[in-house]
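Examining the three-dimensional arrangement
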Amino acid sequence: MEFDDNGWAIGRIELLPASHGWSLLSPEPEARIEEHRWAHQARVFFGAELALVQKKSYPSGATPMVDAVEVDVARAGGAPSRVLVLTVPLDRAPEVRAAAAAGVRAIGGRGFDALLARARRAWQVREPQVAGDDARAPLTVAAILAAVLLAPVVPPGEATIFGVKGARERLSRAGL
């Protein structure tokens, strides 16, 4: 993948099938990737260090329609693992929307139906990680993004949906 001088991905960006990544549905329509916000959430609420591989800038306040970024994430004192994060407008992600709707039905709504109705942008953390040894890295980044974006998470290959609390519970079960 190539990036321009602003750190924006060049070329066609499409989400993976919903079964190949942790999908998030954000109410915010913008593709703004703010390293300081993401890193702060990672450090304060997840005990992790996060850094963007491609530094992002937004001249004149503009944001790209679609984007991608590689993210290095590590537990405090650990070696980083790299994950790929993609984002597109939700209307370009019908499979992710369908997976989210199936997840909402599977849990009986529980308020996630309202979150799905407000969603405007899909984000996806590719599974497995791009580099590194921590297989929990994609879930860690998905949990961080859920907190930053106030977005529910649709796990790969499962008919469910959950929020930050559910992501934290999964991380805890994974030993984090």
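As shown above, the structure is provided for reference.
Bear in mind the structure is a predicted one, so any value in this text is a computation, not a measurement. (Residues numbered from 1 in each chain as written. Predicted model: local features only at pLDDT ≥ 70, side-chain atom pairs only at ≥ 80, totals over all residues. Heavy atoms only, no water.)

1. A look at the environment of Leu84
Rule in force here: The helix count covers DSSP runs of H or I at least four residues long, the strand count covers runs of E at least two residues long, and both are numbered beginning at the N terminus. Contact definition: two residues touch when any of their heavy atoms are within 4.5 Å.
Position of Leu84 among the secondary structure elements: in strand E6 (residues 81-89). If near-sequence neighbours (up to four positions away) are discounted, Leu84 is found in contact with Ala68, Val69, Glu70, Gln124, Val125, Arg126 and Val130.

2. A short note on the packing of helix H1 (residues 35-46) against helix H4 (residues 137-149)
So the rule is basically this: Axis geometry follows a simple rule: fit a line to the C-alpha atoms, using only the stretch in contact for helices, then measure angles between N-to-C directions, giving values from 0 to 180 degrees. In what follows, roughly perpendicular refers to angles from 65 to 115 degrees, roughly parallel to angles under 35, roughly antiparallel to angles over 145, and oblique to any angle outside these ranges. Left-handed describes a crossing whose near helix is turned anticlockwise from the far helix by less than a right angle; the clockwise case is right-handed. Here the term charged refers only to Asp, Glu, Lys and Arg, the term nonpolar to Ala, Val, Leu, Ile, Met, Phe, Trp, Tyr, Cys and Pro, and the term polar to all other amino acids, Gly among them.
In contact at an axis separation of 9 Å, H1 and H4 are set at 110° when each is read in the N-to-C sense. On the basis of the axis angle, H1 is roughly perpendicular to H4. By crossing handedness, the relation of H1 to H4 is classed as right-handed. Side by side, H1 and H4 meet where Arg37, Trp38, Gln41, Ala42 and Phe46 of the first sit next to Ala143, Ile144, Leu145, Ala147 and Val148 of the second. Tallied by class, the residues present in the contact of H1 with H4 amount to eight nonpolar, one polar and one charged.

3. Regarding helix H5 (residues 164-173)
The following threshold applies: Relative accessible area decides the class of each residue, using a 1.4 Å probe on protein chains only: under 20% of the type maximum gives buried, over 50% gives exposed, and in between gives partly exposed. What the arc covers is the set of directions going from the helix axis to the C-beta atoms.
Gly166, Ala167, Arg170 and Leu171 are the residues of H5 that are buried. One face of H5 carries all of its buried residues, which in axial projection span an arc of 140°. Opposite the packed face of H5, turned more than 90 degrees from it, sit the exposed residues Lys165 and Arg173. Tucked inside the fold, the buried residues of H5 contact strand E3 (21-26), H1 and H4. Positive phi shows up at Gly175, right after H5, with a value of about 95°.

4. Let's talk about the nonpolar core
As a reminder, the rule being used: Buried Ala, Val, Leu, Ile, Met, Phe, Trp, Tyr and Cys residues that are joined via side-chain atoms within 4.5 Å together make up what is termed a nonpolar core.
Counting residues in hydrophobic clusters, the biggest one holds 34 residues, and the most contacted among them are Leu24, Trp38, Val71, Val85, Val125, Val141 and Leu145. Looking at this core, the elements that each hand over two or more residues are E3, H1, strand E4 (48-52), strand E5 (67-75), E6, strand E7 (121-126), H4 and H5. Per-element accounting of this core gives the leading share, eleven residues, to H4. Each residue touching Leu24, except ones within four places of it in the same chain, is listed here: Arg121, Ala122, Trp123, Val125, Ala142, Leu145, Ala146, Ala151, Pro152 and Val153. Formed by 23 residues, the second largest nonpolar core is a distinct cluster that contains Ala9, Leu15, Ala68 and Ala93.

Spatial relationships are all this shows, so hold off on functional conclusions.
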